[in-house]
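This is what each chain is made of:
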Amino acid sequence: MPSVAQKMPTVDEVKAYFPLTSPIPNPLTHPELLTPKDLHREEDLLRNPQSFRAWWSAIHATREEYVAQSKLEGPSELPEEVATLLGPLATPHGRISLQRLTYLYEAALVQFPNSFKMWKSYLTMRMSFVLGKLVVKKRAGGRKKFPEMKDGLEEEHEDLERWQGSLNGLIGWEEWKSLVATFERALMWLPKLPRLWLMYLSIFFHPQCPPVISHTHARRTFDRALRTLPPSLHSRIWVRYLLWAETRCIDTTDVVYRRYIIVDPSVTERFTGLLLAPTSGEPRPLEAAKLLLSLARKASRGEYASPEGKSPYQLLGDWIEIVEKFSDDVGLDVEETIESNKTIEEKEAKEAEESGNPVEPASMDGKLIRVAGPAVPVSVDGKALPPYDEDEDPTSSRKLNIEQVIAKDGFAVYKDQAGRLWTGLATYWIKRGEFDRAKETFEKGLATVLTIRDFTQIFDAYAEFCESLISAMMEGLEGEEDEEDAAEAEKELDVRMKEFEELMDRRPFLVNDVLIRRNPNDVQEWEKRVALWGEDDEKVVATYTQALETINTRKATANLHRLYINFAKFYEEGGTTGQAEPDLDSARKILEKGTKVNFKAVEDLAEIWCEWAELEIRHDNYDEAIRVMQRAAAIPKNTKISYHDHTLSAQTRLFKSLKLWSFYVDLEESIGTVETTKMVYDKILELRIANAQIIVNYAAFLEENKYFEESFKVYERGVELFTFPVSFEIWNIYLSKFVKRFGGSKIERARDLFEQALEKCPPKSCKPLFLMYAKLEEDYGLAKRAMSIYDRATQVVQDQDKFEMFTIYIAKATENFGLPHTRPIYERALEVLPDKQTAEMCLRFAALERKLGEIDRARAIYAHASQFCDPRVNPKFWSEWNSFEIDTGSEDTFREMLRIKRSVQAQFNTEASYLAAQTVAASTGTRKADSPEDAATDAMAMAERETGKGKGFVAAKETAIHPPPEQNGSAKAPVANADEIHISDDEDM
């Protein structure tokens, strides 16, 4: 380390060390370059000047000597501050080594001026003494061979060279200049090699590079590289060129980037970011806005794809953000905007008036010749280019008409994003201080948007603007000292607050406006509009009138007819409050107008007529109500019109509306005569539009008026008109009415009716008819005939009803003929019923036989039913058989029952059966005789537990079927089944 008292050298003293390499040192001018040990090397080089290996070995040896000496040599004798400025040349050994290596390289290049290896090594050596030590960064992964410019810029920025211990550009100016000159000489000999150009260009990124070199000279060098190298290598130069331009002033950046985006517009978005936030100089928002606008338009036409993956709308959104942030620099003021809008409107009107032939594009192949009109620019592929637009020209200083741009490129293209566009335009005017224009913009937005999302976005921004404006005015009012100004400010503040309150009150109406604009044919929204006006009768009338004029009947939503009905009720009831006089004439006119509307559904038109008739009824005009319905139900000459033919108008098909005729017949029943009512019913039947309810109502009406035979005729017509299952209800009512009236007096006629009904009745509907038929025979006919009907029923009804039908049949047979006569019925039931119901029927059959004392027959029935009953799924069956054997059987019969049980269990021992058993057990809470309660009822399980032996063996203590009861004193005796049967242990199961 130098001593503290060491004198600090001056700048001139330090500069005296230089130049070291200019002019090129040689032994004549610098005798210290050669030492006695170098004489042998020099003689060898003089003898073999054309030997590249000799020169390369000499240079390599000199460099190794320099490296080894540098490691042995201590720190520089100069002060630390001066040594930092000199970098690698701070020591005498470093300086003399640079001269020796320069002498050798220059002498070698005289012999090999076109050697890339020699030039690259020479330049690398010179750069290491001037630029310092190169910092080599570790890189994970490889680089793309041909990356996009966006990715290339990012990768190149990370890979820019970093240096340590460089020579100061001011102190070592001569060496920097000499290094540049050396590069120029190298490129003079090898101009087509990109590696030399990239090494040369890397100098300009060095932080110590003198400004004389790193600015104008650097820009010209980049330009020379582009002119010299072939186009296929330009991308390697442009990456460096653009990165270098980003570090310079905004003017240089602008010029360089404009040149490049002509060829590749993919970096335009990066360029706009640089224009808005340059490293030096003022931002250029107007130029950035025009570039982004141009990109957004090209992207919407499909001519540009954002490298950031942005959509055309996102690009337009970025443009709006620039407009909001730099409103004064980008857009026109209010007066200029109004004047520009007027000019554009006049131009568009003039173009609309002028009509002529379209201009043909200029010919690219000579086939077309333009004889008149302005030339149309075309691209290389022959497609017409878009006309010149000053709004997209970044070189133009004319500001943008923001309103026109947003209208043309925003509202016309992105109708679903109107909310953001309107709020952006309003924010632009707010930033310029044009609050009235901003308010107009918000109002226009609220009056034009078509979605609730856009409306909410605009309304929230509008309300926030009003609140902030009121807050600012209140703060300004607090510091106001002049009374006149304060009074004016208070007056303006009151106006603003009143406007804000009105805005809040208008919100429901504005929301309703949005929904109606989205779908003017939405009837429900018009009804909500009416409800919003409340008791304002004038507005209600105006709304109803506007709705009826606006709605397209063929596109309207449901319940369009309710508008006419509610409008008529409005006049009928004297307004919304009912305080005005009822205006029936106006109500009739509205309904009359409604009857002429071609509704989509005939039922809507029918309801209009019905409401008109009800209006007359409410005001006691009964004759007028009848006349209204007669008008509505007028039958045309051609009655073969299809009710479902939608090509015809609703008025043409109205006469076949059941709703209309139903109301008409109800009206005649209420205020008309029997004859007129019958006429209306007969017309309904003639038109063949009646349903089952009409038939029933007509018959009931005739029955009430004592026309019983005619009532039955109506039923007859009904069952002829309809088929099952509709006619089932008519038959049901008809037969019950007939039996009730005539009883057994017309038994043959009743039988014919029942047979007629059952002839076409499907199996699932015939059960009630059979029961009614059998009941008729039981009450008024023969029991034998009733039994035959039940027998027929068990054969005809659907499978789900057969068990119940057999049960009824058996009960009736028992009641009429006794238990023995039910055996054939049981036997046939066992043949017909499904397995599950067969088991239940067998239990009943066995109980019957047991009652009759036929124990063997009962046991045979149990044996027959056992094949359908899994012991794990149907424990009830086996429990009853077990009780039966205990009560009536013997040891052999009980053993046979157990054998059958195990055989059946083995038969059902499948996975599906096991799962079914577990499901049933879980649902019923039962288990397989594992609990003590089950053991008390299961004799076999009890015997197994007592003996402790395996399954298949039971204990044999006594052979008595009924063992004696236990003694009262045996408290510790196990609880046994009183009906237990004991079987010998030695018995083979």
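Under an unreviewed UniProt entry, the name given to the chain is Pre-mRNA-splicing factor SYF1, and the source organism is Dendrothele bispora. In its Subcellular location (unreviewed entry) section, UniProt records this for the chain: "Nucleus". Entered under Sequence similarities (unreviewed entry) in the UniProt record, the comment concerning the chain runs "Belongs to the crooked-neck family."

Peer 1: Would you mind showing me how to read the overall build of the chain here?
Peer 2: Looking only at helices and strands, the chain features 46 helices and 2 strands. The burial tally for the chain puts 42% of its 989 residues in the buried class. Counting contacts in the chain only where the partners sit at least 6 residues apart, residues at least 24 apart contribute 61% of the total. Accessible area of the chain: about 53800 Å², with a carbon and sulfur share of 53%.

Peer 1: It is not clear to me how helix α8 (residues 173-189) should be interpreted in this structure. Could you clarify?
Peer 2: Given 3.6 residues to a turn, an α-helix orients residues that are three or four positions apart in the same direction. Look at α8: 25 Å from first C-alpha to last across 17 residues, which is about the 24 Å you get at 1.5 Å a residue. Within α8, the full set of buried residues consists of E175, W176, S178, L179, V180, T182, F183, A186 and L187. Along its buried surface, α8 packs onto α5 (92-111), α6 (116-130), α9 (194-202) and α10 (211-228).

Peer 1: I'm lost on the environment of L450 in this one. Help?
Peer 2: Mapping L450 onto the fold places it in the loop between α20 (435-448) and α21 (452-478). Judged by its relative accessible area of 41%, L450 is partly exposed.

Peer 1: How do you make sense of the pattern of salt bridges when you look at a structure like this?
Peer 2: Any two side chains of opposite charge can pair if their charged atoms end up close together. Under the definition given, this model contains 45 salt bridges. E106 is the salt-bridge partner of R185, the closest N and O atoms lying 2.4 Å from each other. Here R185, found in helix α8, pairs with E106, found in helix α5; they are 79 residues apart in sequence, far enough to count as distant. Assessed through its relative accessible area of 29%, R185 is described here as partly exposed.

Peer 1: Got a minute to help me understand the side chain of T91 in this structure?
Peer 2: Along the chain, T91 falls in the loop between α4 (80-86) and α5. Of the residues examined, T91 reaches a relative accessible area of 16% and is grouped as buried. Here G94 takes part through its backbone nitrogen, which lies 3.1 Å from a polar atom of the side chain of T91.

Peer 1: Explanation requested: a negative patch on the surface in the structure shown.
Peer 2: A cluster of acidic side chains, namely E345, E346, E348, E351, E353 and E354, defines a negative patch on the protein surface. The class of E351 is partly exposed, set by a relative accessible area of 48%.

Peer 1: Whenever I open this one, the packing of α20 against helix α22 (residues 483-518) confuses me. Can you help?
Peer 2: The relative placement of two packed helices comes down to the angle between their axes together with the axis-to-axis distance. As a packed pair, α20 and α22 sit with axes 9 Å apart at the nearest point and diverge in direction by 25°. Relative to α22, the element α20 is oriented roughly parallel. Residues D436, K439, E443, L446, A447 and T448 of α20 lie in contact with α22, whose contacting residues are R496, E499, L503, R506, L510, V514 and R517. When the residues that make up the contact of α20 with α22 are grouped by side-chain class, the tally is 5 nonpolar, 1 polar and 7 charged.

Peer 1: What exactly am I supposed to notice about the packing of aromatic side chains here?
Peer 2: Aromatic rings in a pair are described by how distant their centres are and how their planes are angled relative to each other. Within this structure, the stated rule accounts for 29 aromatic pairs. Centre to centre, the rings of F455 and F459 are 5.6 Å apart; their planes meet at 25°, and the pair counts as stacked. Separated by 4 residues within a single helix, F455 and F459 lie in helix α21, roughly one turn from each other. The residues F455 and F459 share a single accessibility class, namely buried. For the pair Y681 and F701, a centre-to-centre distance of 6.3 Å together with 35° between the ring planes defines the contact as tilted. Of the two residues, Y681 is situated in helix α31 (residues 674-686) and F701 in helix α32 (residues 692-704); the sequence distance between them amounts to 20 residues. Residue classification places Y681 among the buried residues on the basis of a relative accessible area of 1%. One aromatic cluster is present, built from ring pairs that chain together F183, Y200, F204, F222, W238, Y241, W244 and Y260.

Peer 1: Honestly, the environment of L648 in this entry has me stumped. Any pointers?
Peer 2: Structurally, the position occupied by L648 is in the loop between α28 (622-632) and α29 (650-653). Taking the C-alpha atoms as reference, L648 lies 9.4 Å from N598; in sequence the two are 50 residues apart. Residues contacting L648, with those up to four places away along its chain left out, are I641 and R653.

Peer 1: Mind showing me how you'd approach the side chain of R859 here?
Peer 2: Structurally, the position occupied by R859 is in helix α41 (residues 855-866). For R859, the contacting residues outside a window of four places in its chain are W881, F884, E885, T888, G889 and T893.

Peer 1: Whenever I open this one, unusual backbone geometry confuses me. Can you help?
Peer 2: Most peptide bonds take the trans form, and the phi angle of most residues other than glycine is negative. A cis amide bond, omega 0°, links S22 with the succeeding residue P23. Backbone geometry places N559, a non-glycine residue, at a positive phi of 70°. One can find N559 in the loop between α24 (537-550) and α25 (560-572). On the accessibility criterion, N559 (38% relative accessible area) is partly exposed.

Peer 1: What is the right way to look at helix α26 (residues 584-594) in this model?
Peer 2: Along α26, the residues that are buried comprise L584, S586, A587, I590, L591 and G594. Viewed end-on, α26 has its buried residues packed into an arc of 160°, placing them on one side of the element. What points out from α26, more than 90 degrees from its buried face, is the exposed set D585 and K589. Buried residues along α26 sit against α25 and α27 (602-618).

Peer 1: When you look at the packing of α6 against α9 in this model, what are you seeing that I'm missing?
Peer 2: Contact geometry of α6 with α9 gives a least axis separation of 11 Å together with a crossing angle of 10°. In terms of orientation, α6 and α9 fall into the roughly parallel class. Contacts between α6 and α9 pair F116, K120, L123, T124 and M127 from the former with R195, L196, M199 and S202 from the latter.

Peer 1: Would you take a moment to explain the state of the cysteines for this structure?
Peer 2: In a disulfide, the sulfur atoms of two cysteines are covalently bonded to one another. Evaluated as defined, the whole model comprises 0 disulfides. Of all cysteine sulfurs, the one in C761 lies closest to C766, which takes part in no disulfide; the gap is 5.1 Å.

Peer 1: Would you mind going over the environment of F52 with me for this structure?
Peer 2: With respect to the secondary-structure elements, F52 resides in helix α3 (residues 52-72). Separated by 59 residues in the primary sequence, F52 and Q111 place their C-alpha atoms 8.6 Å from one another. Every residue in contact with F52, bar those within four places of it in the chain, is listed here: F112, S115, K117 and M118.

Peer 1: Help me out: how do you make sense of the confidence of the model for the chain in this one?
Peer 2: Confidence in the prediction of the chain, expressed as mean pLDDT, is 81, and 86% of residues score 70 or more. Within the model, pLDDT remains below 50 along residues 366-373, and this stretch shows 2 contacts once partners closer than five positions in the same chain are excluded. This stretch, residues 943-976, has a pLDDT under 50; its non-local contacts, to residues over four places away or in other chains, come to 55 contacts.

Rules used throughout
Residues numbered from 1 in each chain as written. Predicted model: local features only at pLDDT ≥ 70, side-chain atom pairs only at ≥ 80, totals over all residues. Heavy atoms only, no water. UniProt positions renumbered as here; feature names shortened; annotations may be inferred. Helix = DSSP H or I, 4+ residues; strand = E, 2+ residues; numbered from the N terminus. Buried < 20%, exposed > 50% of the residue type's maximum accessible area, 1.4 Å probe, protein only. Contact = heavy atoms within 4.5 Å. Areas by Shrake-Rupley, 256 points an atom, 1.4 Å probe, with all protein chains shown as cover. Expected span 1.5 Å × (residues − 1). Salt bridge = Lys/Arg side-chain N within 4 Å of Asp/Glu carboxyl O. Polar contact = N/O pair within 3.5 Å; in protein donor to acceptor, adjacent residues only side chain to side chain. Patch = residues over 30% accessible without salt bridge, like charges linked within 9 Å, V, L, I, M, F, W, Y side chains within 5 Å. Lys, Arg positive; Asp, Glu negative; His and termini not counted. Charge placed at Lys NZ, Arg CZ, Asp CG, Glu CD. Axes fitted to C-alpha atoms, helices over the stretch in contact; angles between N-to-C directions. Parallel < 35°, antiparallel > 145°, perpendicular 65-115°, else oblique. Nonpolar A, V, L, I, M, F, W, Y, C, P; charged D, E, K, R; others polar. Phe/Tyr/Trp six-rings, centres within 6.5 Å; stacked < 30°, edge-to-face > 60°. Arc of directions from axis to C-beta. Disulfide = S-S within 2.5 Å. pLDDT = per-residue confidence, 0-100.

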